[in-house]
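The lines below spell out each chain.
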Amino acid sequence: MEAVSVVRCQGYHPATVEKGVLEAIRFLGGWDKFVRRGDKVLVKPNLLTGAPPEKGVTTHPSLVRAVVLQIKEAGGIPMIGDSPMLSSSLIRAAEKAGIKEVADHCGARLVEFDESIEVDNPYEGTFRRFEIAKQVFDFDVIVNLPKLKTHSQMLLTLAVKNLFGCVVGRKKVQWHFKAGTDRLYFARMLVELYRTIEPQLTIVDGIVAMEGNGPQSGSLRKLGLILAGRECVALDMVITHLLGLESLLLPTTFVAREMGFAPIDIGKIKILGEELNKVAVDDFQFPSYSTMAWNIPHWLQRRLKRYLTPLPSVELSKCTLCRRCLEACPTGAVSESNSKVVINYDKCITCFCCQEACPDGSIQLRGRWLMRLMS
Ligand code: SF4
Ligand code: SF4
């Protein structure tokens, strides 16, 4: 039976987070269960982009710090690695997110994911191989550190989705292009990628989450939680349940269930620490027009996709013309004309990479008539 630990952690004071992480890992048997003396350990936060910690876009540096220090104490050699969105460098993103300071202070090297290798999918699946950052395979242990956030395309970005950062830079955009409008195809890729990388441990930063229009422009929501476990789908199921949603509404969990390895239901996951009903979250705000949160089964969503998928729309008054959305769009649907960003909806595959890349929250989702009627 998979186990997930759930502990309270009321803020980002370094001592508070250290205590929370230690407790979460103690429930799972202690650091010795995951790290042996001399192990090289990859710590993989969510470093989507260079945003300051108070924006809640990236894994908080206090959590990264606590994990790095505890790995060292267990005798491991921690290093911090990720590949931010687009062509941003890890060092620049880590500097802005407060993670470089942690790395320097704790003596953990930053590892830029800048070279891909082809890796066979060890399980039977849709994808025979993946292009993954070569650096990921230089480690004995991988510790995955997602930030709990909403995500316009995939509903939430949690344990499984965080590993998409192991795909190098713009190669991520190619996956969006391949998946097109098929959300479940993209979810299947994420699940099979997760199983190919297979981190040994995941610790989720749910201390302050992002709700609403995540993963970059949502609102902060204090949940005061750290969650940890070995198996990412089980962790994602527990979090979805805590946020008041049926776990199969998360596309990656739905696909994992189809593939036959997700727990049958939440009752089949051993919860250690807090009782779930005592830390359940009321009124968590999912992305606007996210029909996945409307309890519509996936088969019906597939049929009504054309009517139930919102469209990105630019709020010109907020736009600073940074052009990140142009770089992020896999289909070339975004362009600049007369010093304005415009979207060609004939080319749009509703992947929302433009919204994810926009640092100013200038790209919002606009519901189609059926969605406006239902909301
Ligand atoms: S316009 Fe935005 S949502 Fe549409 S394809 Fe481009 S990046 Fe994706
Ligand atoms: S990413 Fe946002 S701010 Fe930058 S050009 Fe696009 S819409 Fe404007």
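Residues numbered from 1 in each chain as written. Chains lettered and ligands numbered in written order. Predicted model: local features only at pLDDT ≥ 70, side-chain atom pairs only at ≥ 80, totals over all residues. Heavy atoms only, no water.

**What about the overall build of the protein?**
(1) Moving on: Across its full length, the protein carries 15 helices and 16 strands.
(2) Moving on: For the protein, whose C-alpha radius of gyration is 19 Å, the value lies close to the compact-globule estimate of 21 Å for 375 residues.
(3) Moving on: The principal-axis extents of the C-alpha atoms in the protein amount to approximately 55 × 40 × 40 Å.
(4) Moving on: Each of the 375 residues in the protein was classed as buried or not, and the buried ones make up 61%.
(5) Moving on: Looking at the protein alone, contacts between residues at least 24 apart form 73% of all its contacts between residues at least 6 apart.
(6) Moving on: A total accessible area of about 15,500 Å² is found for the protein, and carbon and sulfur atoms account for 48% of it.
(7) Moving on: Of the side-chain charges in the protein, 47 are positive and 40 negative, and the distance between the mean point of each set is 4 Å. (Helix = DSSP H or I, 4+ residues; strand = E, 2+ residues; numbered from the N terminus. Rg over C-alpha atoms; globule rule 2.2 N^0.38 Å. Buried < 20%, exposed > 50% of the residue type's maximum accessible area, 1.4 Å probe, protein only. Contact = heavy atoms within 4.5 Å. Areas by Shrake-Rupley, 256 points an atom, 1.4 Å probe, with all protein chains shown as cover. Lys, Arg positive; Asp, Glu negative; His and termini not counted. Charge placed at Lys NZ, Arg CZ, Asp CG, Glu CD.)

**Regarding helix α4 (residues 99-106)**
(1) Moving on: Within the span of α4, buried status applies to Ile99, Val102, Ala103 and Cys106. All buried residues of α4 lie within an arc of 100° about the axis, which places them on one face of the element. Of the exposed residues in α4, those oriented more than 90 degrees away from the buried face are Glu101, Asp104 and His105.
(2) Moving on: Those residues of α4 that are buried lie in contact with β2 (40-45), α2 (61-73), β3 (77-82), α3 (90-96) and β4 (109-112).
(3) Moving on: Just past α4, the residue Gly107 takes up positive phi, approximately 70°. (Arc of directions from axis to C-beta.)

**A look at the site of ligand 1**
(1) Moving on: Not every one of the 14 residues close to ligand 1 is listed here, only the nearest: Cys329, Cys348, Cys351, Phe352 and Cys354.
(2) Moving on: By residue class, the composition of the shell around ligand 1 is 12 nonpolar, 2 polar and no charged. (Near = heavy atom within 4 Å. Nonpolar A, V, L, I, M, F, W, Y, C, P; charged D, E, K, R; others polar.)

**Looking at the packing of aromatic side chains**
Any aromatic ring pair is given by two values, namely how distant the centres are and how the planes are angled relative to each other.
(1) Moving on: Applying the stated rule across the entire model yields 6 aromatic pairs.
(2) Moving on: Geometrically, the ring pair formed by Phe127 and Phe130 is tilted, given 5.7 Å between the ring centres and 45° between the ring planes.
(3) Moving on: Following the ring pairs from residue to residue traces out a cluster consisting of Phe127, Phe130, Trp175 and Tyr185.
(4) Moving on: Above the face of the Trp175 ring, Lys178 is positioned so that its terminal group lies 4.3 Å from the ring centre.
(5) Moving on: When the ring centre of Tyr123 is taken as origin, the NZ or CZ atom of Arg195, which lies over that ring, is 3.9 Å away. (Phe/Tyr/Trp six-rings, centres within 6.5 Å; stacked < 30°, edge-to-face > 60°. Lys NZ or Arg CZ within 6 Å of the ring centre and 35° of its normal.)

**Observations concerning the environment of Gln364**
(1) Moving on: Inspection of the secondary structure puts Gln364 in strand β16 (residues 363-366).
(2) Moving on: Residues Gln364 and Glu315 lie 49 residues apart in sequence; the distance between their C-alpha atoms is 7.2 Å.
(3) Moving on: Residues contacting Gln364, with those up to four places away along its chain left out, are Asn213, Leu311, Pro312, Ser313, Glu315 and Lys318.
(4) Moving on: Here Gly361 takes part through its backbone oxygen, which lies 2.9 Å from a polar atom of the side chain of Gln364. (Polar contact = N/O pair within 3.5 Å; in protein donor to acceptor, adjacent residues only side chain to side chain.)

**Notes on the nonpolar core**
(1) Moving on: Val136, Leu148, Met189, Leu227 and Leu243 are the most contacted members of the largest nonpolar core, which has 64 residues in total.
(2) Moving on: Met189 has contacts with Phe127, Phe130, Phe164 and Trp175, leaving out every residue within four places of it along the chain.
(3) Moving on: Listed in part, the 43 residues of the second largest apolar core include Val21, Ala103, Ile226 and Ala228. (Core = buried A, V, L, I, M, F, W, Y, C linked by side-chain atoms within 4.5 Å.)

**A closer look at helix α1 (residues 14-27)**
(1) Moving on: Along its 14 residues, α1 runs 20 Å from first to last C-alpha, staying within 8% of the 20 Å computed at 1.5 Å per residue.
(2) Moving on: The complete set of buried residues in α1 reads Val17, Gly20, Val21, Ala24 and Ile25. Taken down its axis, α1 places every buried residue within 125° of arc, on the same side. Exposed positions of α1 whose direction lies more than 90 degrees from the buried face are Lys19 and Arg26.
(3) Moving on: As for α1, its buried residues are in contact with β1 (3-8), α2, β10 (201-211) and β11 (219-229).
(4) Moving on: Looking at the residues trailing α1, positive phi occurs at Gly29, about 115°. (Expected span 1.5 Å × (residues − 1).)

**Some details on the site of ligand 2**
(1) Moving on: Close contacts around ligand 2 come from Cys319, Thr320, Leu321, Cys322, Arg323, Cys325, Val341, Cys358, Pro359, Asp360, Ser362 and Ile363, and that covers them all.
(2) Moving on: Tallied by class, the residues present in the shell around ligand 2 amount to 8 nonpolar, 2 polar and 2 charged.

**Points about the pattern of salt bridges**
(1) Moving on: Scanning all chains against the criterion turns up 13 salt bridges.
(2) Moving on: The shortest N-O distance in the salt bridge between Asp120 and Arg129 comes to 3.3 Å.
(3) Moving on: Given a relative accessible area of 38%, Arg129 falls into the partly exposed group.
(4) Moving on: The shortest N-O distance in the salt bridge between Lys278 and Glu275 comes to 3.7 Å.
(5) Moving on: When its relative accessible area of 53% is taken as the criterion, Lys278 is described as exposed.
(6) Moving on: The class of Glu275 is partly exposed, set by a relative accessible area of 45%. (Salt bridge = Lys/Arg side-chain N within 4 Å of Asp/Glu carboxyl O.)

**Let's talk about the domain arrangement of the protein**
(1) Moving on: Each assigned domain of the protein is listed with its residue range as follows: domain 1 (3-279) and domain 2 (310-374).
(2) Moving on: A C-alpha centroid distance of 27 Å is found between domain 1 and domain 2.
(3) Moving on: Listed as interface residues are 22 residues of domain 1 and, on the opposing side, 19 residues of domain 2.
(4) Moving on: Regarding the contact of domain 1 and domain 2, the summed buried area is about 1,700 Å², with carbon and sulfur atoms giving 53% of it.
(5) Moving on: When the buried surface of domain 1 facing domain 2 is broken down by residue, Met85, Leu86 and Gln216 rank first, second and third, together holding 26% of it.
(6) Moving on: Linking domain 1 with domain 2 are 0 salt bridges, by the criterion used here. (Domains from an automatic or database assignment. Buried area = accessible area lost by both parts, 1.4 Å probe.)

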